[in-house]
Each structure stands twice: as structure tokens, then as C-alpha cells.
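# Reading the structure
One-letter residues, chain by chain:
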Amino acid sequence: METLNRRTATDQAGRPVLSYVEGTRAGRPCADLAEELAPGAVEVILRDLPGWVVSGSEDLGRRLLAAGARPLRHAHVHSRDLRAAPAPAEWAETGYGVVSSDAVPAAEVFPAWHAAYGPGHPDHRAVDDAELLERELEPLLDGRSHGPLLPCGGLLLRDGRVVAGVLVGDRGDPPPVGGPWVYDVFRDPSPQYAGLGAVMLRRALALATLHGLPALGLAVTEGNPVRRLYERLGFRHLFSSVTVIIPD
């Protein structure tokens, strides 16, 4: 699989010390899947990536935090190998109305997406609604932040409005740390919609299997109880990561 925007950073002597996938996150440039190639990566990150979001190993994250970076997310990366463990085809049938991820304007997806991460949720963002819509949801849905979304994702409608969804793209790089990736699973937290996030995730796994995708990966924030659901659906823990914002 072709590598997606992978860059290499060098120290003052020209030695490669850091490899990362360039993208955007939280309205900032992002060095994702950061891998240390040699000593000196922290110093190079502080020098060359001011204001960036950097996501890498727990050890790299701890050292960046000690150097003054601001914590953004502590997450656990999981993957389901769809060749070794294909999802049942019947999971593709939800019994609900589902449309493609780009079939509904972002402003109409936003209420359920935003409500899913209310106060007390590990992924709650205390940011102005307009800013969240413009900087996070719109770029995700239209492919500007992570590339085009894949058809195994989708949005679930009840009474003409979006109440749940799974957004899937391709991170580049081979699975399991790259490749097809679940960027978001969400549902309206109202009790009548309980379980619909799991319905949509099972659908995504089934369609990804039917489309011949090799695996499906995702990351779940520390403290999010939905991690147990992912593990019941066959996602296996690979490693944990820390994401930080580098001082300007």
C-alpha cells in the first residue's frame, strides 16, 4: 500500500531521527504515527514542529510533555484483521435507513456527533460549536483532513435526521497501524438510540470484509468504556499512544 504523506525529520547533522505521517488535527498540522529513528527526536520536534500536534508512543509523549508540550489525548490503538477473522456478512443488514457519509451536510450531522461527546466524556472538547464544525467535522466529512471517506462507513437516519454514524477512511501505510481506519463512531446519547453505534460499527466491519479490505483499525481514548465493545467485536489491542501539542 502506498505511504500517505510520510515525512522524515533530521537533526542538525542531517541524520534521520523521526518519521511521521503529515496531516491535520484539531485545526493544526499533525505529525501522526510518529516513529523515532534515532536519539534526538524530541529536540528536533521542538525545533521544527512548533504548534504541531504530534502523536506517537507513550514514551515519546511522556518526554514531550516533560519538555513543555500540552496533552491532547492518551489512546489505545486496536485493529481487526479481516482476512484472518472476516466479519459475518449479515452484519451489513442494519434494519435502519443508512446513507453514505457524504450524503448529509456537515451541519446536519453535527448535532448527534457533538452530543455524543458531551461533558464528562473522555473525548469532550470544550470548544465553540462553530469552531468544532468548521475545524473538525467539516474537514473530516469532505476529505480535507484525512482524505476521502470509504463506503463501508455511513450515517444512520431516524425520523429524517442523523442519529449515529461511523466514519472510515484510509490512513495510508500498511495495516494494522495504517490502512482502513475508523476515524469516528458516534450516536445521539438519547436512550432510544442506545446500541446504534454498535450496529453501525458491525455494518462497517461487514462491508469492509465484503469490499476486500485487509483490516480495520481504530483508536480509543483512555477511560472510554466503549473499548470493551470494540474488543467484543474482535478488535485487538496493538499499542498505546500519546498525542500532544508542541509549544509555539
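Structural data are supplied above this passage.
The next thing to look at is helix α4 (residues 129–141). Within the span of α4, buried status applies to Leu132, Leu133, Leu137, Pro139, Leu140 and Leu141. Within two residues after α4, Gly143 carries a phi angle of roughly 85°, on the positive side.

Where strand β5 (residues 70–81) meets strand β11 (residues 236–245), nine bridges bridge the pair, whose relative direction is antiparallel. Considered in β11, the bridge of His78 is made with His237. Here β5 pairs with strand β10 (residues 215–221) via seven bridges, running antiparallel. Counted as the bridge partner of Arg80 is Leu216 from β10.

A few words on the pattern of salt bridges. Applying the stated criterion across every chain yields a total of 13 salt bridges. With a shortest N-O distance of 2.8 Å, Arg15 and Asp11 are connected by a salt bridge. Looking at Asp11, the relative accessible area reads 13%, which means it is buried. Its salt-bridge partner being Arg63, residue Glu36 comes within 2.5 Å of it at the nearest N-O pair. Of this pair, Glu36 sits in strand β3 (residues 28–36) while Arg63 sits in helix α2 (residues 58–66); the two residues are 27 residues apart in sequence, bridging distant segments of the chain.

By the definition in use, this model includes four aromatic pairs. Ring geometry for Tyr230 and Phe235: centres 6.1 Å apart, planes at 65°, overall edge-to-face. Both residues of the pair, Tyr230 and Phe235, belong to the buried class. Following the ring pairs from residue to residue traces out a cluster consisting of Phe110, Trp113 and Tyr117.

What follows covers the pairing of strand β7 (residues 154–158). Of the pairings in the sheet, the one linking strand β6 (residues 97–99) to β7 comprises three bridges and is antiparallel in character. Among the inter-strand pairings, Val99 is bridged to a residue of β7, identified as Leu155. The pairing of β7 with strand β8 (residues 161–170) spans five bridges and is classified as antiparallel. What sits directly across from Gly154, in β8, is Val166. A loop of two residues connects β7 with β8, the two strands running antiparallel in sequence, and Asp159 in this loop sits at a positive phi of about 55°.

Locating Val199 in the fold gives a position in helix α5 (residues 196–210). A residue is classified by how much of its surface remains accessible, and Val199, at 14% relative accessible area, is buried. The spatial distance from the C-alpha of Val199 to the C-alpha of Leu137 is 21 Å, given a sequence separation of 62 residues. With near-sequence residues (within four places) excluded, Val199 lies in contact with Thr94 and Tyr96.

This brings us to the packing of helix α3 (residues 106–115) against α4. Two elements in contact, α3 and α4, have axes separated by 10 Å at closest approach and are oriented at 110°. Classed by the angle they form, the pair α3 and α4 counts as roughly perpendicular. As for how α3 packs across α4, the hand of that crossing is right-handed. The residues of α4 that touch α3, namely those facing Ala106, Ala107, Val109, Phe110, Trp113 and His114, are Asp129, Leu132, Leu133, Glu136, Leu137, Glu138 and Leu141. When grouped by side-chain class, the residues that make up the contact of α3 with α4 number nine nonpolar, one polar and three charged.

Cut-off values and rules
Residues numbered from 1 in each chain as written. Predicted model: local features only at pLDDT ≥ 70, side-chain atom pairs only at ≥ 80, totals over all residues. Heavy atoms only, no water. Buried < 20%, exposed > 50% of the residue type's maximum accessible area, 1.4 Å probe, protein only. Helix = DSSP H or I, 4+ residues; strand = E, 2+ residues; numbered from the N terminus. Pairing = 2+ DSSP bridges. Salt bridge = Lys/Arg side-chain N within 4 Å of Asp/Glu carboxyl O. Phe/Tyr/Trp six-rings, centres within 6.5 Å; stacked < 30°, edge-to-face > 60°. Contact = heavy atoms within 4.5 Å. Axes fitted to C-alpha atoms, helices over the stretch in contact; angles between N-to-C directions. Parallel < 35°, antiparallel > 145°, perpendicular 65-115°, else oblique. Left-handed = near helix turned anticlockwise from the far one by under 90°. Nonpolar A, V, L, I, M, F, W, Y, C, P; charged D, E, K, R; others polar.

Purely geometric numbers; function is a separate question.
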